[in-house]
Amino acid sequence: MNAVVATSVFAVFMVATVALGLLALRGRGGGGGLDEWSVGGRSLGPVFIWVLMAGEGYTSFSYLGAAGWGYNYGAPVLYVVAYMSCGYAIGYVVGPMLWSYARRHGLVGITDMVAHRFGRPWLGAVVAVLATVFLLPYIQLQITGMGVVLSVISYGAVSLNWAYFVAFAVTTGFVVVSGLRGSAWVSVLKDVLVIATLGFLALYVPLHYFDGYGPFLDRLVTEKSDWLTLPGHGGGGAGGSGGSGLGEVWFISTTFLNSLTVVIFPTTVAGYLGARNADALRRNAMYLPAYNVLLFVPMLLGLAALFVVPGLAGAESNLALFKLVVDALPAWAVGVIGVAAALSSIVPMAVFMLVIGTMWGRSVLSLLPRLAHADRQKSAAQVVVVVAGSLALLLTYTAPNTLVRLSLISYEGMAQLLPMVLLALVWRRLTFRGAFSGLIVGVAVVCVLVFSGNDPVWGVNAGLVALAANLAVALAVTFAGRPDADPRPDAEVLADDRDEAEGRGRAGGRGEDEYAAAPG
């Protein structure tokens, strides 16, 4: 009976999710072109941008991984709160810059920006392929996360294999049709449930199991003090030497690297470009850190699970939060909390799939003469969404470790695009040869370090070491060679305040179809 009740609640909300995604198209003339599908017609207001970008940082990791990290290590998991908050601060400057540059030139993603900046369409295709390799593991992780949630809240009645398929089908069902706008609408439902369920659990669990926060925290300090300091439980010495390697140097270097990387992550940029204006992005950069307060709840519940369900090991530790939920709450409440966790998988997974489709539709398949026309790019992108999701689902079934290994370099690998995407937009002297050489070296270094088991390197995040090598090579090649022979003026190539001002002016006097036809 518990399984029937919880699964029924879950099913009702999944149907509502698909319906909400489709409802987002109401009055949009059948979904519009690639601009409307991929960046919401560049017309999303502050509320939709806030919930959409909050969804980027609040995924199934928040319910599973954050609780699991709290259960296994403790304090090191706080790096998530640190880098996201720092990333929002950097995004206050970077977000409007990327928004204005893309709007001025009719661009829909970082692959477009790179191709336009260096005047080489094939370079956008290379970046699209590279970014897809780094993004696919995130789709697989969200499929896995939602599948685990559904299996657990159904009390084992739904097998993992069926749960994985449900995750894929629901997400693909609405993102192919409704695009970024549908994801933004579903984000509203997700955020209401996330705030409500985590707020409830933050009060209920300590009272139910420990008679309040006082006894819980007292017991935590007395019995589990290793979990409350860096490098956390089983961490080894200061600076990250030995054990988990999650010491102070690792914490600082990872926070620094991730806070830079998150602002150029393709899914983050999709949120930037969907904004109605740059001021909406600035306001969101100020308000979004408040959302991070919610991340403390699953971390804290992971610590509470140490006393309630001791002995969880390996992947089972990621279920620490749901072990508490299933043990303490009625089936209908388990279903609602499961829906909140599932939507925290669906929204980011939808954006990951959408971004991959957009990159391929605009930057890769458009190089083929038959698909070069703008009218066909959206259809090509939608096909890629289904293919990318299907590939992630297939690998989840047949070779999950393949994507798990790739996930080790996802964020650190994406960081190697920083010079080509950000530095190039503010410094004209950076040459194509320099940026491309640096990218090759950076990706090679991060792969060697991570796959050889040398991450962190003397306590330092391997991605930061690779980025330093990337920058060194990019600068050396740039200064050693001749400047690129590009006749375009700086205003056409670089991002600056003038671009933003012109973007605002155009927003008031030009339609979205004109932006889609703009140069670049």
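On a predicted model such as this, the values are computed, not experimentally measured, just so you know. The residue count restarts for each chain, going from 1 along the sequence in the order it is written. In view of the model being predicted, local features appear only for residues whose pLDDT reaches at least 70, and side-chain atom pairs are presented and counted only at 80 or more, with totals across whole chains, interfaces and linings using the full set of residues. Only hydrogens and water are set aside when side-chain values are computed; all heavy atoms of the structure are taken into account.

Draft legend 1. Geometry of helix α5 (residues 65–72). The buried fraction of α5 is high, at six of eight residues. Exposure classes here rest on a 1.4 Å probe applied to the protein chains alone. A residue is buried below 20% of its type maximum, exposed above 50%, and partly exposed in between. Runs of E in the DSSP output that reach at least two residues are strands. Runs of H or I that reach at least four are helices, and both are numbered from the N terminus. Three or more residues of α5 are buried, namely Gly65, Ala66, Ala67, Gly68, Gly70 and Tyr71.

Draft legend 2. Spatial organisation of a nonpolar patch on the surface. For patch detection, residues must exceed 30% relative accessible area and be free of salt bridges, and they are connected within 9 Å for like charges or within 5 Å for nonpolar side chains (Val, Leu, Ile, Met, Phe, Trp, Tyr). Each accessible area is a Shrake-Rupley estimate made with a 1.4 Å probe; only the visible protein chains count as cover when residues are assessed. Only one rule defines a salt bridge in this text: a Lys or Arg side-chain nitrogen within 4 Å of an Asp or Glu carboxyl oxygen. On the surface, Met1, Val4, Val5 and Trp332 cluster together into a nonpolar patch covering about 470 Å² of accessible area. Among the structural elements, methionine 1 can be located in the segment before α1 (2–23). Assessed through its relative accessible area of 75%, methionine 1 is described here as exposed.

Draft legend 3. Seen up close, the packing of aromatic side chains. Working definition: a ring pair exists when centres of Phe, Tyr or Trp rings (six-membered ring for Trp) sit within 6.5 Å. Plane angles under 30 degrees give stacked, over 60 give edge-to-face, the rest tilted. Using the criterion set out here, one finds 21 aromatic pairs in the structure. By the criterion adopted, a ring carries a charge over it if an Arg CZ or a Lys NZ lies within 6 Å of its centre and within 35 degrees of its normal. The residue whose ring lies beneath arginine 117 is phenylalanine 118, and the NZ or CZ to ring-centre distance is 4.7 Å. Sitting over the face of the ring of phenylalanine 432, arginine 120 holds its NZ or CZ atom 4.1 Å from the ring centroid.

Draft legend 4. Structural context of the environment of serine 154. With respect to the helices, strands and loops of the structure, serine 154 is situated in the loop between α8 (121–153) and α9 (160–210). On the accessibility criterion, serine 154 (0% relative accessible area) is buried. Taking the C-alpha atoms as reference points, serine 154 and glycine 335, 181 residues apart in sequence, are found 8.0 Å from one another.

Draft legend 5. Local environment of helix α21 (residues 432–451). For α21, which comprises 20 residues, the first-to-last C-alpha distance of 28 Å matches the rise-based estimate of 28 Å (1.5 Å per residue) to within 8%. Within α21 the residues assigned to the buried category are Phe432, Gly434, Ala435, Gly438, Leu439, Gly442, Val443, Val446, Leu449 and Val450. Take α21 and look down its axis: the buried residues cluster within an arc of 160 degrees, on one side only. Contacts were defined at the residue level, with two residues in contact if any of their heavy atoms lie within 4.5 Å. Elements in contact with the buried residues of α21: α7 (110–118), α8, α19 (410–414), α20 (418–426) and α22 (462–480). Just downstream of α21 lies glycine 453, where phi reads positive at about 80 degrees. Here a helix's expected span is defined as the number of its residues, less one, multiplied by 1.5 Å. Our arc is simply the arc of the directions from the helix axis toward the C-beta atoms.

Draft legend 6. Up close: the nonpolar core. The nonpolar core is taken to be a set of buried Ala, Val, Leu, Ile, Met, Phe, Trp, Tyr and Cys residues, with the residues joined through side-chain atoms within 4.5 Å. Judged by nonpolar contacts, the single largest core of 159 residues is most densely connected at Met14, Tyr63, Leu98, Ile139, Leu201, Phe322 and Leu417. Tallying contributions element by element places helix α16 (residues 331–364) first for this core, with 20 residues. When near neighbours in sequence (up to four residues on either side) are disregarded, leucine 201 contacts Pro206, Leu301, Leu321, Val325, Leu329 and Ile337.

Draft legend 7. Just the confidence of the model for the chain, in detail. For the chain, per-residue confidence averages 84 on the pLDDT scale, and 89% of positions sit at 70 or higher. Within the chain, no element has a lower average pLDDT than helix α25 (residues 512–516), which sits at 31, and none a higher one than α22, at 97. Confidence per residue, as judged by the predictor, is encoded in pLDDT with a range of 0 to 100. Here residues 499–520 is a poorly scored stretch, pLDDT under 50, and it has 38 contacts once near neighbours within four places are set aside; other chains count.

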